[in-house]
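Summary of the model geometry
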Amino acid sequence: MNIVIVGGNDCMACKYKELCERYNCKAKVFTQPAGLKCKIGSPDLMVLFTNTVSHKMIKCALAATKGSNVKIARSHSSSMSALKSILEEQAV
């Protein structure tokens, strides 16, 4: 499963990827808006950490996947436990 994570903390990006690998998922993490629109690809799941990301970045990410069959998971918290609960629910 391909996952795109939008938002979160810069220092946690590697840990987000490691956690996704434990669930047999390949992840791209975007904590900054640079290159988001052209590098997003076609994920199976998009995780939006809404507390640590701008409205503009969320709109850009949603626009890049508009029309495709992408599951969207939103979380106010950008913690590892929040991501883990999303992965347990979505990455079946």
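See above for the structure.
The rules behind these values
- Residues numbered from 1 in each chain as written.
- Predicted model: local features only at pLDDT ≥ 70, side-chain atom pairs only at ≥ 80, totals over all residues.
- Heavy atoms only, no water.
- Pairing = 2+ DSSP bridges.
- Helix = DSSP H or I, 4+ residues; strand = E, 2+ residues; numbered from the N terminus.
- Axes fitted to C-alpha atoms, helices over the stretch in contact; angles between N-to-C directions.
- Contact = heavy atoms within 4.5 Å.
- Buried < 20%, exposed > 50% of the residue type's maximum accessible area, 1.4 Å probe, protein only.

**Structural notes on the sheet that holds strand β1 (residues 2-6)**
- Taking strand neighbours across the sheet as the criterion, the four strands line up as β2-β1-β3-β4 in an open arrangement whose pairing is parallel. Only two strands of the sheet have a single partner each, and these edge strands are β2 (26-30) and β4 (71-75). Here the average twist between neighbouring strands, direction ignored, is 20°.
- In terms of strand pairing, β1 meets β2 through five bridges, oriented parallel. If you follow V4 over to β2, its bridge partner there is K28.
- Contacts between helix α1 (residues 13-22) and the sheet are confined to β1, β2 and β3 (45-49), with β2 contributing the most and set at about 160° to the helix.
- Across the sheet, helix α4 (residues 80-90) lies against β1, β3 and β4, angled at about 155° from β3, the strand it touches most.

**Some points on unusual backbone geometry**
- Even without glycine at this site, N24 takes up a positive phi of about 55°.
- Locating N24 in the fold gives a position in the loop between α1 and β2.
- Residue classification places N24 among the exposed positions, given a relative accessible area of 68%.

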